[in-house]
Amino acid sequence: LSSKLKDPSLAPDKALVGGQWLAASESGKTFEVTNPANGDVIAVLPDLGKVEVSKAIDAAHAVQKAWAKKTAKERATILRKLFDLMVANADDLATILTIEMGKPWAEARGEVLYGASYVEWFGEEAKRVYGDTIPGHQADKRIIVIRQPVGVVGAITPWNFPNAMLARKMAPALAAGCTMVSKPAAQTPLSALALALLAERAGVPAGVFSVVTSTQSAMIGQEMCSNEKIRKVTFTGSTNVGKILMRQGADQIMKLGLELGGNAPFIVFDDADVDAAVEGAMISKYRNNGQTCVCANRIYVQSGVYDTFAAKLAERVSKMKVGDGMAEGVNAGPLIDQNALKKVEEHISDAVSKGAKVAVGGNRDAQGGLFYQPTILTGVTSEMMVAREETFGPVAPLFKFDTEEQVIEMANDTEFGLASYFYSKDVAKIFRVAEQLEYGMVGINTGLISTEVAPFGGIKQSGLGREGSKYGLEDYTELKYLCLGGI
Ligand code: ADP
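Residues numbered from 1 in each chain as written. Predicted model: local features only at pLDDT ≥ 70, side-chain atom pairs only at ≥ 80, totals over all residues.

### Regarding the UniProt feature "domain: Aldehyde dehydrogenase" (unreviewed entry) in the protein
In the numbering adopted here, UniProt assigns the feature "domain: Aldehyde dehydrogenase" (unreviewed entry) to residues 25-481. Within the segment residues 25-481, helix and strand shares are 42% and 21% respectively, and the terminal C-alpha atoms sit 50 Å apart. (UniProt positions renumbered as here; feature names shortened; annotations may be inferred. Helix = DSSP H or I, 4+ residues; strand = E, 2+ residues; numbered from the N terminus.)

Structure (structure tokens):
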């Protein structure tokens, strides 16, 4: 891997535990990181356990007060330096990301800049953690509300955005004056280590940010939830693991930030600009090979434009190039692992057995490995697995609907509530539909909603809290009210 980098030091084979870089040779157990495009082993890292995570938590706890005591401007200056370093090293960070995760290099570079945008934004916002003054309830009283950092934060992140999912947790945490112990997904720890290295170079003090590499995620989660020095656990991943963390955190009323699964509806009304809707569907469905929690999972098309939309989408999808993300012109990389591949196959065969038709794709790609053909299914109905579960792969199931009421009911018929999308040019309908969709985010005439300036997050079983925007910073602070008497 390091031979492909301009700065080979960005791929350390060590974890950062409480300010100390720990080599695989010092840790006893190790694990391998592989490239999903070809199965090559790209790194051997320390497989850390309870001892090391506790050590990282102790260090984060020991330095938290001093970090919080710095002025917001001092913390902002360091975050700004980190942002500059991420941008300056974006090519290398993208290469690391593609090789450990599989997404096309241009998309990986986009993710790095997206991750960096949170670091920039929250550094700026650090200076705007405002409080309130409230008119006193008695003549001799004054009331002041201040915001303080929650303290030490534990972060657990997934493999689908190895850079951005961590950056958008560590940036608001550090901006607010919290310290963080993170555990990246074992499939993709290298982007997290590169981020830690750049953070160190930017001047983040020792112990403020740790990256604990481990395959023992359940044990690490347990320790984060039960260690009394941790005040908040922030997690992005599956709803099942989110529930486990919530149960484990109950004993100490753990503050939780949870970004969990979605089952995003993507609705195309008869009055939509169909070409724009096709463009939006391409981005929303096939970005990251369908492996994002905001990916369109169910595409509902009104009967008047169903055939046109399906034909235009098919034309675009059949031109997609599948392959190693490092190769020129590739826009669909491998899936992350065998389980992901099996889930895609299971969803497709279930749909086909219940009457759906494969319009494009529908098979493993000829190059073998973890590659799957970008796929479109038509004639999909709500009895099929694709209607209920997140596919997390390159499969677009097209459902047909007739009325606005019907599609809203179908769209909301899920325990998830993360992202939703719809296309229409009718202003009154836009407000009606947007207000009725039971989702934390609604993309209207767009398939791309993620930005550091807006609150990303879900309702129902899709999560708790928001990431990005001023609301995202608030989630790393506690309110304290001061009541001054005797005036
Ligand atoms: P995915 O399907 O994206 O792998 P997971 O929820 O399994 O979703 O994984 C997201 C993150 O949660 C990863 O870092 C993974 O290692 C971690 N994880 C998995 N199981 C647990 C658990 N029981 N407790 C804490 N973290 C876990």
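### Side note on the site of the ligand
Taken together, Ile-156, Thr-157, Pro-158, Ala-185, Ala-186, Ser-217, Ala-218, Gly-221, Gly-237, Ser-238, Val-241 and Ile-244 make up the full set of residues near the ligand. Counting residues per element, the ones that place at least two in the shell around the ligand are helix H8 (217-226) and helix H9 (239-249). The biggest single contributor to the shell around the ligand is H8, with three residues. Looking at the shell around the ligand residue by residue, the classes come out as seven nonpolar, five polar and no charged. (Near = placed C-beta within 6 Å. Nonpolar A, V, L, I, M, F, W, Y, C, P; charged D, E, K, R; others polar.)

### Focus: the packing of helix H4 (residues 90-101) against helix H5 (residues 105-125)
Viewed as axis vectors pointing N to C, H4 and H5 meet at an angle of 120 degrees, and their least axial separation amounts to 8 Å. By the angle between their directions, the pair H4 and H5 is classed as oblique. Handedness of the crossing formed by H4 with H5: right-handed. Mapping the contact onto sequence places Ala-90, Asp-91, Leu-93, Ala-94, Thr-95, Leu-97 and Thr-98 in H4 and Trp-105, Ala-108, Arg-109, Glu-111, Val-112 and Leu-113 in H5. Its residues assigned to classes, the contact of H4 with H5 shows eight nonpolar, two polar and three charged. (Axes fitted to C-alpha atoms, helices over the stretch in contact; angles between N-to-C directions. Parallel < 35°, antiparallel > 145°, perpendicular 65-115°, else oblique. Left-handed = near helix turned anticlockwise from the far one by under 90°. Contact = placed C-beta atoms within 7 Å.)

### Things to note about unusual backbone geometry
Even without a glycine there, the phi angle at Phe-392 is positive, about 55 degrees. Here Phe-392 is to be found in the loop between helix H13 (385-388) and strand S16 (395-401). Despite not being glycine, Ser-469 shows a phi value in the positive range, around 70 degrees. Here Ser-469 shows up in helix H16 (residues 469-474).

### A look at the environment of Val-41
Counting through the fold element by element, Val-41 comes out in strand S4 (residues 41-46). Separated by 40 residues in the primary sequence, Val-41 and Leu-1 have C-alpha atoms spaced 9.4 Å apart. Setting aside residues no more than four positions away along its own chain, Val-41 makes contact with Glu-32 and Thr-34.

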